[in-house]
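Single-letter residue listing:
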Amino acid sequence: MVRDRLWMGLLGIGLAASALWAFDVFPGLAFPLVGGLSALAWAAGPRLHDVRPRRPWRLLTAAALFFLAGIVVRALVIAHPYPLGQLGDAFSICGFGLFIAGMAVFLNRWGINRHALLDGLIVCIGAAITSALLFVLPAIAISGRPALVSVLAGGYPTLDIVLLLLGVNMAFTTAVRQRSFQFLGAMILLIFAGDLGYAIIGRHGELTGSRLLDLPFLVAFTIGGAAALHPTAKALAQATPLPIQAWSPARMLIIGPAVAAPFLLTVLLPHETPLSRWILGAGGAAIVALLLVRASDAVQSHAAAQRRFEHQATHDPLTGLPNRRLLQLMVERRLTERGTGDVWMFYLDLDGFKLVNDSWGHPAGDRLIVEVGARLRHALPAEATVARVGGDEFVVVQRCTEPEAMAGARRIMECVERPLLVVGGGEGPTAEVVVGASMGIVRADRHDTAEALMRDADTAMYQAKEQGRNRWTVFDASMRDAVRERVEIEVALRAAVAQEQLAIAYQPIVDLTDGLGTSTVGAEALVRWEHPVRGWIGPNMFIAVAEDANLISALGAWVLRESVLQLSRWRDKGVVDEDFWMSVNVSPRQLGDATFPDRVAAILAQARVPARNLVLEITESVMVEGGELTERLLLRLRELGVRISVDDFGTGFSALGYLRRHPVTGVKIDRSFVGGLGASTEDEEIVRAVVAMSSALSLAVVAEGVETTAQRDVLVALKVPLAQGWLWGKAVPASTFAGRLRSRERVGEPVGGRSD
Ligand code: C2E
Ligand code: CA
Ligand code: CA
């Protein structure tokens, strides 16, 4: 774009005009032309590139106009006697003031950095001593002219020093130096050089000299205008702060001469006066003092940075507690030191944390973590280590006796269980939540590494979780065997899934509305695995392993395909009627895969089975913990026409809200409630409530685990429409299932005693 190239044009014209000036061609033209153009550039550039804020640029534009006026007026009046001859200086000095103000605005926006300021001051004092001794004192000493003339002669170098201070500060404050920034810097240097030229001739009382003395100003105007027109001017307002770099070579290059100046001047200056000695002494002392401040500053900030860095690397940012890395070091130290009692590790994982996070938002979850951390720290003795080692996992390590450890465990659980006030996102409601923790406890005993101790504590924690959460388990060596066994099973299961060694058994689901459950209306597919050595392994065991080992998707997909194909064959052979459905269990993990609905659709299409003949059984936790993706997947499945039933209903969170929010079509009353029917009126009430609720929401209800006719009769009385259980048959291979359907064998009677 032309707009982005304008600066080149200005640079070309300015440099050409400067060259003409140097060779005395059209000398009257150069300054008005270049000065006018650059003032125009400073006014227009920021507008062209939409630079914000505009204020520094306005100040710079005004400065340029004053400089220009200064030069023009100076040329017109210089021949006049005092004070008219000095009128040009009035403009120039105003220009300086404005220029310095503009630079200061920039600097202020970048944030003035203490280091840069100190360095700027050191350079300034060095330069001030030099200029005072070399230029100002000789200029003032010239007798026979008005005091103002002498003051002005000394004034320019002083203003230059302020300019220098700004320049050094700018250079040391930003890390990124764009072109526009470099142009500004060059401009400051050129002004400085120009003034230096005049200061040198001023030593002898001269006020005008060769035209070449003005050349730096012409080029300065040019480059300054280019700075405003360059597209990077936009970036000038935001500087990237320079990382603390106390003694970089570039800094030394600038500070070095300033520090050396007093010594060099002492040696080199021919005639000393008392005043010059004072200036040297005071200036030198000031520089030394600043250097000391600077050095101690650098050391301190370095140490502080080091401390901050170490803290960050070893502590959890949210709670401020030690993190896993530091914990490891601390445990290692404890394991080697001697003392009374043993080292105990408590590994706790919050139960229900995800629920808080999902229902009240992440800030509430964070607050919960912070609060639990603070409570633990508060409740435990100072010599106990409390660390956060994962999202909702904490570890406490303490040296104590066994009774003390057990008391500590109770205290820890109490910290977690105490209700906590959480505030929802935005102005959301405040609620009291209660979470729990599953905790594994291990006593250091022939544990020689922190890692081994953590692993055993973690194993015990898992055990606690499996035993129903919100409890603690003390590690014992048999758990290690259990872990080993699990690993073995995992390896075998992986092979079994890959080689399709699994089998599926089918259990009938019957219609209860006839009072007996004579007709079988569906079947649940239940996976079976015969381990080559261990024999039959129950799905409760290996499904959990499959979930942990990431095998569940492959396993689930296989079960789904096989059972739907089985249904398709039964439909083709007329074994079942067209309403007969297949229920298939789906693990929460499978619903975390966005392609799941498409896979289901593909399987149904391949088997030519209508979607409504497939029921997917999901657990309540899917609805509670699943999140948005799961919700979308469930909706998509419903759109396909697949039915969705909530398995083990009543054992989990059973929140009615979940049922209403999610697109489910039915519930399966957990067998723990069915088992109590006929004996427990409480279970009866629960079943009654589920039926009432389900009919209100038009959900299909299946009672599972029906074993006796007494249970069946209560279910019939409670108007439960569908049932499943050993009373009508255990899960059997497909051929057996089909054979029974054909012969309508023992309909309505228990078939117990057969292999499952
Ligand atoms: P579930 O979905 O609740 O399955 C019902 C379980 O209850 C089955 O146990 C079944 O054999 C058993 N059962 C049926 N009728 C009765 C009865 O009258 N009395 C008693 N006491 N039990 C009865 P199974 O086959 O051991 O399955 C256990 C669990 O494993 C299932 O519980 C299900 O959560 C899971 N599972 C089974 N197959 C699969 C599968 O293919 N995929 C997934 N993801 N999970 C599966
Ligand atoms: Ca099920
Ligand atoms: Ca169930």
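Procedures and definitions
Residues numbered from 1 in each chain as written. Chains lettered and ligands numbered in written order. Predicted model: local features only at pLDDT ≥ 70, side-chain atom pairs only at ≥ 80, totals over all residues. Heavy atoms only, no water. Donors = N, O, S within 2.8 Å, 3.2 Å for Na, K, Ca; no water. Buried < 20%, exposed > 50% of the residue type's maximum accessible area, 1.4 Å probe, protein only. Helix = DSSP H or I, 4+ residues; strand = E, 2+ residues; numbered from the N terminus. Pairing = 2+ DSSP bridges. Axes fitted to C-alpha atoms, helices over the stretch in contact; angles between N-to-C directions. Near = heavy atom within 4 Å. Polar contact = N/O pair within 3.5 Å; in protein donor to acceptor, adjacent residues only side chain to side chain. Areas by Shrake-Rupley, 256 points an atom, 1.4 Å probe, with all protein chains shown as cover. Nonpolar A, V, L, I, M, F, W, Y, C, P; charged D, E, K, R; others polar. Expected span 1.5 Å × (residues − 1). Salt bridge = Lys/Arg side-chain N within 4 Å of Asp/Glu carboxyl O.

Draft legend 1. How the structure looks around the coordination of the calcium ion (ligand 3). Every protein donor of the calcium ion (ligand 3) is accounted for by Asp-647 (OD), Asp-648 (OD), Glu-704 (OE) and Glu-704 (OE), and the metal-donor separations fall at 2.1 to 2.8 Å. Between consecutive donors of the calcium ion (ligand 3), the numbers of intervening residues give the motif D-D-x55-E. The calcium ion (ligand 2) is placed at 4.0 Å from the calcium ion (ligand 3), the two being bridged by Asp-647. The exposure class of Asp-647 is buried, given its relative accessible area of 9%.

Draft legend 2. Molecular detail of the coordination of the calcium ion (ligand 2). Here the calcium ion (ligand 2) is held by Glu-524 (OE), Asn-585 (OD1), Glu-617 (OE) and Asp-647 (OD), and the distances to it run 2.1 to 2.3 Å. Ordering the donors of the calcium ion (ligand 2) by residue number gives the pattern E-x60-N-x31-E-x29-D. Classification of Glu-524 by relative accessible area gives buried; the value is 4%.

Draft legend 3. Just the pairing of strand β1 (residues 342-351), in detail. In terms of residue burial, β1 counts as a mostly covered element, since nine of its 10 residues are buried. Bridge analysis of β1 against strand β3 (residues 393-400) gives eight bridges, and the strand direction is antiparallel. When the bridges of β3 are listed, Leu-348 appears paired with Phe-394. Where β1 meets strand β6 (residues 436-443), eight bridges bridge the pair, whose relative direction is antiparallel. From the neighbouring strand, Tyr-347 faces β6, where its bridge partner is Gly-440.

Draft legend 4. Representation of the pairing of strand β8 (residues 502-511). Among the 10 residues that make up β8, eight are buried, leaving the element largely enclosed by the rest of the structure. In this sheet, strand β9 (residues 520-531) lies alongside β8 in antiparallel orientation, the contact comprising nine bridges. The partner of Ala-505 across the bridge, within β9, is Leu-526. Alignment of β8 against strand β17 (residues 732-733), held across two bridges, turns out to be antiparallel. Bridging from a neighbouring strand, Ala-505 pairs with Pro-733 of β17. As judged from the three bridges shared by β8 and strand β16 (residues 722-724), these two strands associate in the antiparallel manner.

Draft legend 5. Inspection of the sheet that holds strand β2 (residues 385-390) at higher detail. In spatial order, the strands read β2-β3-β1-β6-β7; together these five strands make up an open sheet with mixed pairing. Each end of this open sheet is capped by a strand with a single partner; those strands are β2 and β7 (472-474). Strand after strand, the sheet turns through a mean of 20° between neighbouring axes, direction not considered. Of the strand pairs in this sheet, β2 and β3 are connected by five bridges, and their pairing is antiparallel. Residue pairing for β3: Val-386 is matched across the bridge by Val-396.

Draft legend 6. Layout of the site of ligand 1. If you check the shell around ligand 1, you find 21 residues, and the closest are Gln-507, Arg-528, Asp-647, Arg-671 and Glu-707. Between Asp-647 and ligand 1, the recorded distance is 2.9 Å, taken from a side-chain N or O atom to an oxygen atom. Burial of ligand 1 by the protein amounts to 87% of the accessible area it has alone, namely 790 Å². When residues of the shell around ligand 1 are traced back to their parent elements, those giving at least two are β9, α17 (539-548) and β13 (643-649). Residue classes in the shell around ligand 1 are distributed as seven nonpolar, six polar and eight charged.

Draft legend 7. Fine view of helix α4 (residues 87-110). Compared with an ideal rise of 1.5 Å per residue, which puts 24 residues at 34 Å, α4 spans 36 Å between its outermost C-alpha atoms and is within 8% of the ideal. Once α4 ends, the next one or two residues include Gly-111, with phi positive near 85°.

Draft legend 8. A look at the pattern of salt bridges. Overall, the coordinates contain 29 salt bridges when judged by the stated rule. Between Lys-465 and Asp-349 there is a salt bridge, with the nearest N and O atoms lying 2.8 Å from each other. Here Lys-465, found in helix α15 (residues 450-466), pairs with Asp-349, found in strand β1; they are 116 residues apart in sequence, far enough to count as distant. The residues Lys-465 and Asp-349 share a single accessibility class, namely buried. Put simply, Asp-598 and Arg-636 hold a salt bridge, and the shortest N to O gap is 3.6 Å. Residue Asp-598 is found in helix α19 (residues 596-607), and its partner Arg-636 is found in helix α21 (residues 627-640); the two are separated by 38 residues along the sequence. Here Asp-598 falls in the partly exposed class, since its relative accessible area comes to 45%. A relative accessible area of 32% places Arg-636 in the partly exposed class. Bridged by salt links that share partners, the residues Glu-524, Glu-617, Lys-668 and Glu-704 form one connected network.

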